[in-house]
Amino acid sequence: MNSEVTFQDSFAARARITGAIRVTPTVPSDWLSQASGGDIRLKLEQHQITGSFKLRGATNAILSLSDAQRAKGVVGVSTGNHGRGLAYAAANAGVRCIICMSELVPQNKVEGIRAQGAEVRIVGRSQDDAQTEVDKLVAEGMVMLPPFDHRDIIAGQSTVALEMLEQFPELETVLVPLSGGGLISGVAMVMKAVNPSIRVIGVSMERGAAMYESQQAGKPVMVPELATLADSLGGGIGLDNQHTFAMTRDHVDELVLVSEGEIAAAIRHAYWQERQVIEGSGSVGIAALLAGKIKDPRRCVALISGQNIDMALHHRIISGEDVDVMEET
């Protein structure tokens, strides 16, 4: 196993990707602050160029490749946002990119990746199925850049934490969407390096939370991939996980789960109270706050990770419809 991603790696990544990604704002939420009695702020990473934080890690990984690796092209498996970020970063660098994904990925995300110039291959009904196609392409010579369990990906994602600390130095608690752990590993590593007392809380959905179940088991485990409004948080963490399982275990203070109804309520809140369009995976920090699942959120930042939601679905949710994702699949 390679050594853990470090604070110095985060600064190196920021220097590498500056100019290729957008510095996103951290803004106060008057509504959530009044409701909680604290100082609640939102890190609007959904305003990133490709609509999610994933561009940070993808750009850092692409720009870290050797000339020989760039010539071979890159391939990845994605629930959508990693693929979009990787496609954008690869196109900017003039590198061929193929994204493999399952049939469960929403069509708007598939088309978003194609629009960035990448080739898309749809394989099976899980990320594991899509991974088999990635493995074949790697055997043919392409370079795999995974969505989370990779040093350069984690270092790139960690740069969002440097921004949060500069924008809100007094923060005491950070709420981070949790899936494979690439985002929270980088954020938690930076936060603990700056101030070990900063509380880092990972938030995931109740339906198919692979990192949560793996941490409960004390090792990476297989978890069924289920339909959820937080579709970008779906998928496993890999039974041979090299980085994010251990970094989550060592640096994250607490893991919280939210229901489908709480996710929908957070999407509605973001639109009607914060004037923000966010996807289900990006709403989970707000969902946890609204549901009273975060204790003592005095100086708290909820990281809003993405906005790439199907707008017809978004319209139904904000209009008050009780959307059952199981009926949609």
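Structure shown above.
Rules behind the numbers
Residues numbered from 1 in each chain as written. Predicted model: local features only at pLDDT ≥ 70, side-chain atom pairs only at ≥ 80, totals over all residues. Heavy atoms only, no water. Salt bridge = Lys/Arg side-chain N within 4 Å of Asp/Glu carboxyl O. Helix = DSSP H or I, 4+ residues; strand = E, 2+ residues; numbered from the N terminus. Buried < 20%, exposed > 50% of the residue type's maximum accessible area, 1.4 Å probe, protein only. Axes fitted to C-alpha atoms, helices over the stretch in contact; angles between N-to-C directions. Parallel < 35°, antiparallel > 145°, perpendicular 65-115°, else oblique. Left-handed = near helix turned anticlockwise from the far one by under 90°. Contact = heavy atoms within 4.5 Å.

> What is the right way to read unusual backbone geometry from this model?
Most peptide bonds are trans, and most residues other than glycine sit at a negative phi. A positive phi angle, close to 60 degrees, is found at Arg275, a residue other than glycine. You will see that Asp296, though not glycine, has its phi angle at about 50 degrees, which is positive.

> Help me out: how do you make sense of the pattern of salt bridges in this one?
Scanning the entire structure with this criterion turns up 19 salt bridges. The shortest N-O distance in the salt bridge between Glu166 and Arg14 comes to 3.0 Å. Of the two residues, Glu166 sits in helix α8 (residues 151-167) while Arg14 sits in helix α1 (residues 7-17), which places them 152 residues apart along the sequence. For Glu166, a relative accessible area of 52% translates into the label exposed. The partly exposed category is assigned to Arg14, whose relative accessible area is 23%. Of the charged contacts in the structure, one is a salt bridge between Arg41 and Asp39, with a shortest N-O distance of 3.0 Å. Residue classification places Asp39 among the partly exposed residues on the basis of a relative accessible area of 24%.

> Would you take a moment to explain the packing of α8 against helix α9 (residues 182-194) for this structure?
When two helices pack together, their arrangement is given by the angle between their axes and by how far apart the axes lie. It is at 7 Å that the axes of α8 and α9 come closest, and there the two elements cross at 50 degrees. Between α8 and α9, the crossing angle belongs to the class labelled oblique. For α8 against α9, the interelement crossing comes out right-handed. Judged by residue contacts, Ile154, Gln157, Ser158, Val160, Ala161, Leu162, Met164 and Leu165 of α8 engage Gly182, Leu183, Ser185, Gly186, Val187, Met189, Val190, Met191 and Val194 from α9.

Worth remembering: the numbers are spatial, not functional.
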